[in-house]
Amino acid sequence: MRFLLDAEQRDFARSLDAMLTAAGTPGVVRSWAAGDTGPGRALWTRLAEAGVFALGIPERYDGLGARPVELTVAFAQLGRHAVPGPLAETVAAAALLDRLGDATTAAAWLPGIAAGKVVASVCLLSPDSPYALDADTADAVFVVEGDTLRLARTHGPVQHSFDPARRPARPLGGTVLAQGPAVAAAAAHAAEVAALATAAQALGLGRALLDRTVEHVRRRRQFGVAIGSFQAVKHRLADTLIALEFAQPLVHAAALALERGDAGCGREIAAAKVTACEAAYGAARTALQLHGALGYTGELDLSLWIRKARALRSSWGTPSACRARVLAP
C-alpha cells in the first residue's frame, strides 16, 4: 500500500517549513536551553495560529477535530527544524483531557491549548518516568498516577539532559482533577498520541540530518575531490535514506490506524515509533561521522539535531519497549 499526502497536506507542510525556516530555530533552541523561553513562546504562538495544536482537539473546544495524519505532517516539520518545547506532551495532554470525558475540565484547558495560550506537559508517573518535560516553563503539568489525574502545583530542580533543549523536572503536589478507570484509559490513549507525534518528529529530524550531511559531503574535499564521491560515503548515505524511506509509510499507516480507532493501532504506533527513531538515530550517527571533527563541535548548529535524535529515541517508548509491544502475542 502507498501512503501519499494530498495537495492540502503538502501545502500545509510547505507553509510550516517556510515559517520555521524564517524563524531561525537554532537561535530559538539555544535560548530555550538557556532558560530564556521568550523566543520559543513567540514561535509557539505562530505555530498555534497555523493550526498545529488544534489538530486532535474537537471543534467544540475550538479545535480542528481528530486529524492524526495532519498531526504527523506538522510534527515532521517541527522535527526537521528542531523546534524546542513540550510539543508531543502538549498534544498528549489535549488527547488526555478530551478522552477523559469531563466536559468542564476539557473546556477549561483545551481552547487555550488550541490557541497556543497554554503550553502543557504531561507525565504518566512511574518509577522509570518520574519527570515531566519542561515543567518549569509549562503553564500546566498534568500528572497521571494509576487511576488519578492531578494538576501539578510546582516542580523540582531541572535535570540534565543529553539534549540541552529538553528540560525534565519532577512534578510536585497539585490538585486532583479526576479519578477512576477513565483516567487510565485516557492516559493510554494520550501515550499513543505522544508516541505517534514523537515518531513523526524523529522522521523530520532524520531527514534534516541527512540533507545537511549530503550538503556537507558535496562541499568537503579530500585528495582533490569531494568526499561525497567516495563509495563508502555513498553507501552510508544510501543506508540512511533507505531507513528513513522505510519509516515514513509506517508513520502514515499508524496515523490512519489511530484515526480509524483500529484495535491494533497501538502496535502500529509502536512499530512506527521504533522504526522512525532508529532511522533518525542512524542519521545522527552518519552525520557525526561524515562531518568528522566538526560533528563534535557544540557551537555547530548540527549538534542541536544530533542531540535531539538521541533524546527522541527513548522518549515515549524505548526501542526495546516498542519492539516488545510489536512482537507481543
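Preceding block: the structure.
Residues numbered from 1 in each chain as written. Predicted model: local features only at pLDDT ≥ 70, side-chain atom pairs only at ≥ 80, totals over all residues. Heavy atoms only, no water.

### So, the overall build of the protein chain
Broken down by element type, the protein chain carries 11 helices and 9 strands. Computed over C-alpha atoms, the radius of gyration of the protein chain comes to 19 Å, within 12% of the 20 Å expected from 2.2 N^0.38 for 329 residues, which places it in the range of a compact globule. Overall, the C-alpha framework of the protein chain stretches about 70 × 45 × 40 Å when taken along its three principal axes. Counting the 329 residues in the protein chain, one finds 52% classified as buried. (Helix = DSSP H or I, 4+ residues; strand = E, 2+ residues; numbered from the N terminus. Rg over C-alpha atoms; globule rule 2.2 N^0.38 Å. Buried < 20%, exposed > 50% of the residue type's maximum accessible area, 1.4 Å probe, protein only.)

### A short note on the pairing of strand E6 (residues 168-172)
Relative to E6, strand E2 (residues 132-133) is paired through 2 bridges, and the arrangement is antiparallel. By the bridge assignment for E6, alanine 132 is matched with alanine 169. The pairing of strand E5 (residues 154-158) with E6 spans 3 bridges and is classified as antiparallel. Residue valine 158 lies in a different strand from E6, and its bridge partner there is alanine 169. (Pairing = 2+ DSSP bridges.)

### A look at the layout of surface pockets
Estimated volume of the largest pocket: approximately 980 Å³. Surrounding the largest pocket, 33 residues form its lining, Ser129, Ser314, Ser315, Trp316 and Gly317 being those nearest its centre. No other element matches helix H7 (residues 181-219), which puts 4 residues into the lining of the largest pocket. A breakdown of the residues in the lining of the largest pocket according to their chemical character gives 18 nonpolar, 9 polar and 6 charged. (1 Å grid on protein atoms, 1.4 Å probe; cavity = no way out; pocket = protein on both sides within 12 Å on 5 of 7 lines; lining within 4 Å. Points joined across faces, edges and corners; volume = space filled by probe spheres on them. Nonpolar A, V, L, I, M, F, W, Y, C, P; charged D, E, K, R; others polar.)

None of the figures reported here should be taken as evidence of function without further support.
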